[in-house]
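Below, each chain spelled out in residue letters.
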Amino acid sequence: MIRSVVRGFGAALPKRVLTNREMEDIVETNDEWIVQRTGIRQRYIAGEGETTASLGEAAARAALDRAKLTPADIDMIIVATSTPDNTFPATAVNIQARLGMHHGFAFDVQAVCTGFVYAVATADAYIRGGLARRALVIGAETFSRILDWTDRTTCVLFGDGAGALVLEAAEGKGTIADRGVLTANLRSDGAHRDKLYVDGGPSTTGTVGHLRMEGREVFKHAVGMVTDVIEGAFNATGTTADDLDWLVPHQANRRIIDGSARKLGIPLEKVVVTVDLHGNTSAASIPLAIATAAGDGRIKEGDLVMLEAMGGGFTWGAVLLRW
Ligand SMILES: CC(C)(COP(=O)(O)OP(=O)(O)OC[C@H]1O[C@@H](n2cnc3c(N)ncnc32)[C@H](O)[C@@H]1OP(=O)(O)O)[C@@H](O)C(=O)NCCC(=O)NCCS
């Protein structure tokens with residue numbers, strides 16, 4: 001059977017780092033509160049000329065280099081983002097143009113912080129369905145541009161960045177020993193849509209709007225949702241937490257990450273954590289974390305890797321893959 005195998009990974013961050021200490025000059029907050037409640041120590045903030053598409057392009061080029069491929073080898077681009085450069089066209093076609101590609105096809109998926117998990121699952125379905133052979137899957141965000149910088153309950157949590165994977169069709173045996181995406185487990189429940197949302201949009205206010213969140217409500221649901229989809233992915237493949245080499249969670253909050261790992265019996269040494277460095281970069285957080293841990297040699301060929309996320313909607317999901 002056809003499997004979607006990771007051939008390359010890449011990441012890009014804005015030049016400007018914003019530390020918790022600097023955040024103290026912007027809103028009534030302090031480093032201790034932010035670190036204790038979230039684990040975040042700094043985040044990157046896009047400056048002039050840095051956009052979701054420019055960061056996504058840089059991450060994509062890094063992933064292509066790593067895969068020893070060029071844009072000519074790619075036939076599909078999927079970008080997970082909630083902060084597109086424009087309402088339309090899709091950021092994916094913007095990146096397609098920046099890469100000088102006139103062939104293939106490109107589109108965005110919007111599942112907020114779960115976007116990258118949805119995008120990998122989508123790319124895998126297209127590849128297995130024969131619609132594409134090589135895909136660039138990108139998570140790219142500039143959440144700094146939709147934050148209310150007077151609201152200390154949200155503006156300290158988020159940051160900007162991008163990450164990308166190259167997925168390629170490869171023949172597998174159909175067992176969990178295969179390299180590539182082994183299963184995906186996606187969920188959403190729009191009943192929770194008003195707990196984490198943006199209060200504007202083209203069809204309602206005609207404005208971009210700002211991020212609004214009931215933090216405590218999100219926190220309350222997060223661990224249960226995340227552990228449910230991970231257990232679903234384990235059950236679908238006959239694997240357990242003991243088989244896992246790496247958990248790469250969405251980097252929203254250290255307490256949610258630790259709570260989920262503990263509930264699943266996954267030791268913290270097997271959990272990739274970058275929330276301290278990047279803050280919550282929404283759909284970019286998982287590919288940024290992957291690039292960090294694969295880049296420093298922790299994630300190696302043959303490793304069993306679980307990606308998981310939850311976010312606005314609510315949306316949540318997990319992908320199990322062999323690196
Ligand atoms: C946002 C979050 C860190 C807040 O932590 P919390 O323990 O729930 O804190 P609360 O909202 O109950 O606020 C506690 C106090 O801290 C204050 N506070 C809020 N933000 C603050 C900040 N940045 N700095 C200092 N104090 C702050 C509150 O005003 C409140 O003060 P009060 O008790 O005097 O009213 C936590 O709810 C959370 O992590 N939620 C999940 C968010 C998330 O990950 N979202 C993305 C999902 S993709």
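Residues numbered from 1 in each chain as written. Predicted model: local features only at pLDDT ≥ 70, side-chain atom pairs only at ≥ 80, totals over all residues. Heavy atoms only, no water.

- Under an unreviewed UniProt entry, the name given to the protein is Beta-ketoacyl-[acyl-carrier-protein] synthase III, and the source organism is Ferirhizobium litorale.
- Reading the Subunit (unreviewed entry) entry of the UniProt record for the protein gives the comment "Homodimer."
- The record in UniProt for the protein states the following under Pathway (unreviewed entry): "Lipid metabolism; fatty acid biosynthesis." (UniProt positions renumbered as here; feature names shortened; annotations may be inferred.)

## Concerning the pattern of salt bridges
Reasoning step 1: Under the definition given, this model contains 16 salt bridges.
Reasoning step 2: Asp31 is the partner of Arg21 in a salt bridge, and the nearest nitrogen-oxygen pair spans 4.0 Å. One end of the pair, Arg21, is in helix H1 (residues 20-23); the other, Asp31, is in helix H2 (residues 31-38), with ten residues separating them in the sequence.
Reasoning step 3: What you see here is one network of salt bridges that share partners, running through Arg7, Arg134 and Glu168. (Salt bridge = Lys/Arg side-chain N within 4 Å of Asp/Glu carboxyl O. Helix = DSSP H or I, 4+ residues; strand = E, 2+ residues; numbered from the N terminus.)

## Here's the deal with the domain arrangement of the protein
Reasoning step 1: If you check the domain split of the protein, you get domain 1 (2-171) and domain 2 (180-322).
Reasoning step 2: Put simply, the middle of domain 1 and the middle of domain 2, counted by C-alpha atoms, are 14 Å apart.
Reasoning step 3: The interface of domain 1 with domain 2 comprises 50 residues on the first partner and 47 residues on the second.
Reasoning step 4: Interface area, domain 1 with domain 2, both sides summed: about 3,700 Å², of which 68% is carbon and sulfur. (Domains from an automatic or database assignment. Contact = heavy atoms within 4.5 Å. Buried area = accessible area lost by both parts, 1.4 Å probe.)

## Details of the UniProt feature "domain: Beta-ketoacyl-[acyl-carrier-protein] synthase III C-terminal" (unreviewed entry) in the protein
Reasoning step 1: Summarizing the sequence annotation, UniProt attributes the feature "domain: Beta-ketoacyl-[acyl-carrier-protein] synthase III C-terminal" (unreviewed entry) to residues 236-323 in the numbering used throughout.
Reasoning step 2: When the span residues 236-323 is considered, its composition is 32% helix and 23% strand, and the gap between its end C-alpha atoms is 18 Å.

## Brief notes about the site of the ligand
Reasoning step 1: Near the ligand lie 22 residues; those nearest to it are Thr29, Arg37, Gly215, Arg216 and Asn253.
Reasoning step 2: A distance of 2.5 Å separates an oxygen atom of the ligand from a polar side-chain atom of Arg37.
Reasoning step 3: At 2.9 Å from a nitrogen atom of the ligand is found a main-chain nitrogen or oxygen belonging to Arg152.
Reasoning step 4: In isolation the ligand has 950 Å² of accessible area, and contact with the protein removes 75% of it.
Reasoning step 5: Breaking the shell around the ligand down by element, the ones donating at least two residues are H2, helix H6 (152-155), helix H7 (215-237), helix H8 (254-264) and strand S12 (304-311).
Reasoning step 6: Of the residues contributing to the shell around the ligand, the split by class is nine nonpolar, eight polar and five charged. (Near = heavy atom within 4 Å. Polar contact = N/O pair within 3.5 Å; in protein donor to acceptor, adjacent residues only side chain to side chain. Areas by Shrake-Rupley, 256 points an atom, 1.4 Å probe, with all protein chains shown as cover. Nonpolar A, V, L, I, M, F, W, Y, C, P; charged D, E, K, R; others polar.)

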